[in-house]
Each structure stands twice: as structure tokens, then as C-alpha cells.
Amino acid sequence: MTQSLSGQRPARRRVADGHRGLPWVVVGAGPYGLSVAAHLRAAGVPVRVFGEVMGSWRHAMATGMFLKSTPDAVDLSVPEPGGRLADFRRLHGEPRLTELTPIPCEVFVRYGQWFQKQYVGDVDPVRVVGVDHTEDRGALNVRLDDGRHIAAAAVVVATGLNGLAHVPAALLPLAPEGTGPAALVSHTSHHSDLSCFAGQRVAVIGGGQSALESAALMHEAGAEVLVLVRERKVRWGSVPQPDRPLPRRLARPASPLGPGWTLAAVCRAPGAVRRLPPAARMLLFRRALGPSGGWWLRDRVEGVVPVRTACRVVRAEAAGTEARLELAGPAGPPETLTVDHVLAATGYRLDLGTLPFLLPEVLRDVECVPGSKAPRLSSRFESSVPGLYFTGSLAAPTFGPMLRFVAGTRFAATRIAYDALQRAIRH
Ligand SMILES: Cc1cc2nc3c(=O)[nH]c(=O)nc-3n(C[C@H](O)[C@H](O)[C@H](O)COP(=O)(O)OP(=O)(O)OC[C@H]3O[C@@H](n4cnc5c(N)ncnc54)[C@H](O)[C@@H]3O)c2cc1C
């Protein structure tokens, strides 16, 4: 098949599906939604995709950010050669990225947009506001923000971390009307431009990449920043060494999520992770990758932006236009800190109940992985509701940490497309 810089591929042969020609609906057009759609389309399965192409990367990440992953770990997936980030760069005459060149988010967004044109075709940017059963329960009903309804043979939820942002309860008194850029506390996902904090005193809560990179960007934009980290020290990724000698490669094998045997194993066999006892999977989910900053960020933070470690916010209150934080450390009495804004870089909580589009009739039928509020999934990503699939982070408690990252798109998309074909054959 020929490849061009723009334009769409011709529609593939259609497979008969078991639901009177109903399409599969993919909710979300980020790396997972686009990869699943590309595989379904290549398999001839009728598919409709809803969501803004690379929407999270355009609106929930700040201008000037870079990916923490290396270039070989962020390929979207299509079942034919030519769709990798390296192919996109080559076709556009852009230099090859190596492990030592961090990828600007802007490059990744352009890659996703190109991938969509090449391998997915039409994507409807409208939001999905409801998924429930059809009256005869033979299919799923998808409600769109513009009032349209669509009956779907199956629905694949690929909405990433949208709706799952977590702000610790201790900070909520700062925003009785709700968190956001205009309140005294916001979550990192609320911002696409952190230069709005120039000239302000900002406390950043968290010790991971989001916290450290946001702090660097705000400092560089002229804000007075203090990072408050719960852990005893900030962890940094190590500088990649592309030509490591064999003994070191054996001791710490490479993987898309970084070096080490555990990471290499969970990336090589996400299907085997699913067969572990739920408690072991949840432990992997929580512990396999702790918070850390990318190696390339270190010089922009260490010795540049003040960081206080072993420090917790135990109380917060609004004092006029300022936020007053009570901080507890390992020793001594609590301290008070007054700032103009608190930025919660406190991650995400996987909780199906907070997804606004899963209507109660469907939600109550979705079984969760024990010890979590994330869906329990079949080996092909189907939940306990027939025809309802989940990908990306929501699949990580089933298949392990790789599903939190773009590196998991191939595994997810291949299995879901295979299931789509099996369903078509069964019917
Ligand atoms: C700051 C930050 C940095 C990260 N860096 C990396 C990294 O370097 N490498 C890496 O592998 N991963 C990284 N991640 C994780 C990253 O989010 C995922 O790897 C990747 O984006 C997951 O893709 P996704 O398709 O599941 O979700 P997303 O990319 O979040 O895409 C979600 C899609 O769903 C759409 N959507 C949401 N709700 C609806 C709705 N109701 N109706 C219709 N559409 C909807 C959105 O518009 C979007 O199109 C990072 C995450 C964050 C927050």
C-alpha cells in the first residue's frame, strides 16, 4: 500500500458483523483510540471514532513539555509497516530522534495527527456523553454531546486519564467551588500554558515528572516556585547508554518503560500479568514505577528550583486571595506556607465511577479488579459487560504497567481487533 504525507487510505473490505451492520465505536482519539481504530479498520471492521485527535496531549499538557519516554517506546500501532514515529520523521524530512533526544509534546501531537490521516480516516471530534444498553440489550447505545444517538456493536473506551485527575482531600478546602486555574488550587491536567503563573508564588505538590517539569516551566516563566515532595528524596532517571556492555545489559535489560528485569518482564508478557493473582497485579500496578523525573530535566530543577522533601500538606485554607498550607515534616512542629496558587501534580486515580459517560445501568454491570475501581478484563480487553472494552490506563490493573504508556498500544489494539474478527465469525 502506498504512503503519502496527507490524504486517507481507501476503506478496507468489510467483515460481516453480528449486529446488523452496526459499527464498533471507539471513544477517544489519543494513542490507544487511534491504534485500536487503525487495527479494526485494517481488519475490515466498520468503526466510528469520537474525540479530539490527540486531545489530551494538546490540552492537558503544558506548552514546552517533553515526553519522558524514549522514541522507540511511543510508536502508535497499525498492522502494517510505515506507521512508526521514525517513519513520520523520515517522511517529513525531520532528523531521527535517539534515546538522547527528548521528544517535544508538539512533535508527538503532529505524529498522532498524521497517523490518524494515514491509518484511521474520519474522526468525529464530538464528545461521548453516555454509553448504555439498547432496549433489547443486543448492542450498546452511544449518546453524543450534540444530541445524536448511535447503536454500536461494541464500544472501546480509550479516554485515557480524562476525568480521573486526583487532588488530595487536604487541598480541597482551597476550592469549595471546584478546582481549576481560576481557583487557589488546580491539577496539572488543567493547564496547557503555565506561563500564566509568572510573578506568582506557587507551591507544587508532588515528586514525579509532572511536578518537576511543571516547576521548571513555571520557574523559567518567572514564577516563584517551591516543590513539596512527600518522599525522602527526588528520584531521577538515569542517562540512557545506548551501547551498554553485555554484562550490564544482562543485569538490567532494556524495556520500553526503562531498564530492569521486572519492567522487561511485564512489558514482554502483559498477557501473563493478567494471570497473576489480583493482589500481585495491584502491587505491580502501584509499585513497578514510582515517581521520578526524566534524566534530561535534572539540570533544570536541581539547584535551580527549591524542593522540600519528606514534607506533607496536612491542612490547607484560603486566606483572601492567598492559599495557606500547613506542612508537616519528619521532625519539628508543623510550618505554615503562604502562596498565591497550589498546583497539584498528584496524579490520577482509576475510578470507573468518575467517568461521566458510563451511565449507571452499565456501570453497575462492570465488575472490577478486586482491590480497585478499574474494570476486570478478559484476555481481549472486554469487560463483564459484553461488547464494552477498556484500553490504556484503565486496563493497567489487568495487564500491568505497560498499559499506562503508549508502548502498550500494539498489545491492546491487536487483541481487540482479533476479538472483533472472532465475534464476526461467531455471528
Ligand atoms: C504529563 C503526562 C506526561 C506523559 N508522558 C508520557 C510519556 O512520555 N510516554 C508515555 O508512553 N506515556 C506518557 N503519559 C501517559 C499518557 O497519557 C498515555 O501514555 C497516552 O496518552 C495514553 O493514550 P490514551 O489514548 O489512552 O489516552 P489519551 O492520550 O489521554 O487520549 C484520550 C482521548 O480521549 C478523548 N476523550 C476523553 N473523553 C472523551 C469523551 N467523553 N468522548 C470522546 N472523547 C473523549 C480525548 O479527547 C482524547 O482524544 C503521560 C501522561 C501525562 C499526564
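Please read these numbers as outputs of a predicted model, since none were measured by experiment.

### What about the sheet that holds strand 8 (residues 201-205)?
One open sheet holds the five strands; their spatial order is 7-14-8-9-10, and the pairing between them is parallel. Bordering the open sheet on either side are strand 7 (185-187) and strand 10 (307-308), each of which pairs with just one other strand. For strand 8 and strand 14 (residues 341-344), the ladder comprises four bridges, and the chain directions are parallel. Looking at the pairing, V202 lines up with H341 of strand 14.

### A look at the pattern of salt bridges
Taken as a whole, this structure holds 21 salt bridges when the rule is applied. A salt bridge links K373 to D351, with the shortest nitrogen-to-oxygen separation between them at 4.0 Å. Residue K373 is located in the loop between helix 11 (360-363) and strand 15 (388-390), and its partner D351 is located in the loop between strand 14 and helix 11; the two are separated by 22 residues in the primary sequence. Here R380 and D419 are joined by a salt bridge, their closest N and O atoms 3.3 Å apart. One end of the pair, R380, is in the loop between helix 11 and strand 15; the other, D419, is in helix 13 (residues 409-426), with 39 residues separating them in the sequence. A relative accessible area of 27% places R380 in the partly exposed class. The network of salt bridges with common partners includes R89, E94, E106 and R110.

### Here's the deal with the domain arrangement of the protein
Looking at the assigned domains, one finds that the protein contains domain 1 (24-163 + 349-426) and domain 2 (169-235 + 292-344). Here the C-alpha centroids of domain 1 and domain 2 sit 31 Å apart. Taken together, the contact pairs 14 residues of domain 1 with 17 residues of domain 2. Here domain 1 meets domain 2 over a buried area of about 1,100 Å², counting both sides, of which 58% is carbon and sulfur.

### A look at the sheet that holds strand 3 (residues 128-133)
In space, the three strands of this open sheet follow the order 3-4-5, with antiparallel pairing throughout. Strand pairing shows two members of the sheet lacking a second neighbour, strand 3 and strand 5 (149-152), which therefore form its edges. Shown here is a sheet whose adjacent strand axes are inclined to one another by a mean of 25°, direction ignored. Direction of pairing for strand 3 relative to strand 4 (residues 140-144): antiparallel, over a ladder of five bridges. Residue pairing across strands places G130 opposite R143, the latter belonging to strand 4.

### Focus: the site of the ligand
In the vicinity of the ligand lie 29 residues, with E52, S56, S69, V128 and V406 positioned nearest. The backbone of A29 places a nitrogen or oxygen atom 2.9 Å from an oxygen atom of the ligand. V406 places a polar main-chain atom, nitrogen or oxygen, 2.8 Å from an oxygen atom of the ligand. Computed on the free molecule, the ligand has an accessible area of 970 Å², of which 91% lies beneath the protein chains in the complex. For the shell around the ligand, the secondary structure elements donating two or more residues are helix 1 (31-42) and helix 2 (55-59). Considered class by class, the residues forming the shell around the ligand number 14 nonpolar, 11 polar and four charged.

### Here's the deal with a positive patch on the surface
Together, K68, K233, R235 and R404 make up a positively charged patch on the protein surface. For R235, the position within the fold is in the loop between strand 9 (224-228) and helix 6 (246-251).

### Quick look at the packing of aromatic side chains
Under the definition given, this model contains 13 aromatic pairs. With a centroid separation of 5.1 Å and 40° between ring planes, the pair formed by W24 and Y389 is classed as tilted. Highlighted residues: W24 in strand 1 (residues 24-27) and Y389 in strand 15, separated in sequence by 365 residues. This pair shows no difference in class: W24 is buried, exactly as Y389 is. Seen from their ring centres, F115 and Y119 are 5.0 Å apart, and the 50° between their planes marks the pair as tilted. A residue pair is termed a helical-turn pair when its members lie 3 or 4 positions apart in one helix, as F115 and Y119 do in helix 4 (residues 105-120) at four residues. Exposure class is identical for F115 and Y119. Each is buried. One aromatic cluster is present, formed by W57, F88, F108, Y111, W114, F115 and Y119 through successive ring pairs.

Cut-offs used in this document
Residues numbered from 1 in each chain as written. Predicted model: local features only at pLDDT ≥ 70, side-chain atom pairs only at ≥ 80, totals over all residues. Heavy atoms only, no water. Pairing = 2+ DSSP bridges. Helix = DSSP H or I, 4+ residues; strand = E, 2+ residues; numbered from the N terminus. Salt bridge = Lys/Arg side-chain N within 4 Å of Asp/Glu carboxyl O. Buried < 20%, exposed > 50% of the residue type's maximum accessible area, 1.4 Å probe, protein only. Domains from an automatic or database assignment. Contact = heavy atoms within 4.5 Å. Buried area = accessible area lost by both parts, 1.4 Å probe. Axes fitted to C-alpha atoms, helices over the stretch in contact; angles between N-to-C directions. Near = heavy atom within 4 Å. Polar contact = N/O pair within 3.5 Å; in protein donor to acceptor, adjacent residues only side chain to side chain. Areas by Shrake-Rupley, 256 points an atom, 1.4 Å probe, with all protein chains shown as cover. Nonpolar A, V, L, I, M, F, W, Y, C, P; charged D, E, K, R; others polar. Patch = residues over 30% accessible without salt bridge, like charges linked within 9 Å, V, L, I, M, F, W, Y side chains within 5 Å. Lys, Arg positive; Asp, Glu negative; His and termini not counted. Charge placed at Lys NZ, Arg CZ, Asp CG, Glu CD. Phe/Tyr/Trp six-rings, centres within 6.5 Å; stacked < 30°, edge-to-face > 60°.

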